[in-house]
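Listed here are the chains, written in short residue letters.
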Amino acid sequence: MFEVIGDGLNYALGLDAKELNLWQCGLRAAVVYIAGWIMVRLAGDRRFLGKHAAFDVVLSIIFGSTLSRTINGSAPFFPTIGAGFVLVGMHWLFAGISFHFPKIEQLIKGSSRVLIRDGEINYKNMRKSHLSEKDLESSLRSQAKLTEASQVEIARLESSGNISVLPKDKQPQVIEVDVQEGVKTIRIEM
């Protein structure tokens, strides 16, 4: 039984083939795409991904690598072009599934993590996101012009890798000044 499955996979992926056909290149592209996506999602380091979802990064790397082999002649032309089409098709399919099924979108693209809520830093999510306090402070300064976590209502590490920051509403300072007896009190809001 296992031998039949092994032989089938061997043929389908062209593991022992001297030259790959279109279907073998396409299936290899699909398998590598999914394996790469899983690896990047397991790593969970959004700083590695920059400003893109895991499946965008994986497509960019594999697509470029696949097509470059066609250009430099190290892979057969038409099967490798076919593998490129398979990759683009899978990307399109995952994007469509993500759009129509929010639960699956979270699995494919990831979700945001709360880093600060009501001025309190969530160290558990900071560790999961591989962010230091210095990274967070830098984002507070650059994104919201804030210097302390206590000034933040909520800060999130978005699935894109960006840190979004919403500052707390500033309460106006009220200064009351008594001038003289018989003169009204002046109230100044700043």
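It should be emphasised that the depicted structure is a prediction, and the values quoted were computed from it without experimental measurement.

Colleague: Sorry if this is basic, but what is going on with helix α8 (residues 133–144) here?
Modeller: Helical periodicity: at 3.6 residues per turn, an α-helix aligns residues three or four positions apart in one direction. With 12 residues, α8 should reach 16 Å at 1.5 Å per residue; the first-to-last C-alpha distance of 16 Å fits that figure. Along α8, the positions that sit buried rather than exposed are L136, S139, L140 and A144. Looking straight down α8, one finds that the buried residues subtend no more than 105 degrees of arc, so they occupy a single side. Where the residues of α8 are buried, they touch β1 (113–117), β2 (120–121), α7 (123–128), β3 (152–157) and β4 (163–167). Following α8 by one or two positions, K145 adopts a phi angle in the positive range, close to 55 degrees.

Colleague: Hey, could you run me through the pairing of β1 in this one?
Modeller: A regular strand places its side chains so that they alternate between the two faces of the sheet. Sheet topology note: the β1/β3 ladder contains four bridges and is antiparallel. Counted as the bridge partner of I116 is A155 from β3. In sequence, β1 turns back onto β2 through a hairpin of two residues, with D118 there showing a positive phi of about 50 degrees.

Colleague: Explain the confidence of the model for the protein chain to me, please; I cannot follow it from the model alone.
Modeller: Looking at the protein chain, the pLDDT average stands at 82 and 82% of residues meet or exceed 70. Within the protein chain, β2 carries the highest mean pLDDT (95), whereas helix α3 (residues 46–49) carries the lowest (53).

About the criteria used
Residues numbered from 1 in each chain as written. Predicted model: local features only at pLDDT ≥ 70, side-chain atom pairs only at ≥ 80, totals over all residues. Heavy atoms only, no water. Helix = DSSP H or I, 4+ residues; strand = E, 2+ residues; numbered from the N terminus. Expected span 1.5 Å × (residues − 1). Buried < 20%, exposed > 50% of the residue type's maximum accessible area, 1.4 Å probe, protein only. Arc of directions from axis to C-beta. Contact = heavy atoms within 4.5 Å. Pairing = 2+ DSSP bridges. pLDDT = per-residue confidence, 0-100.

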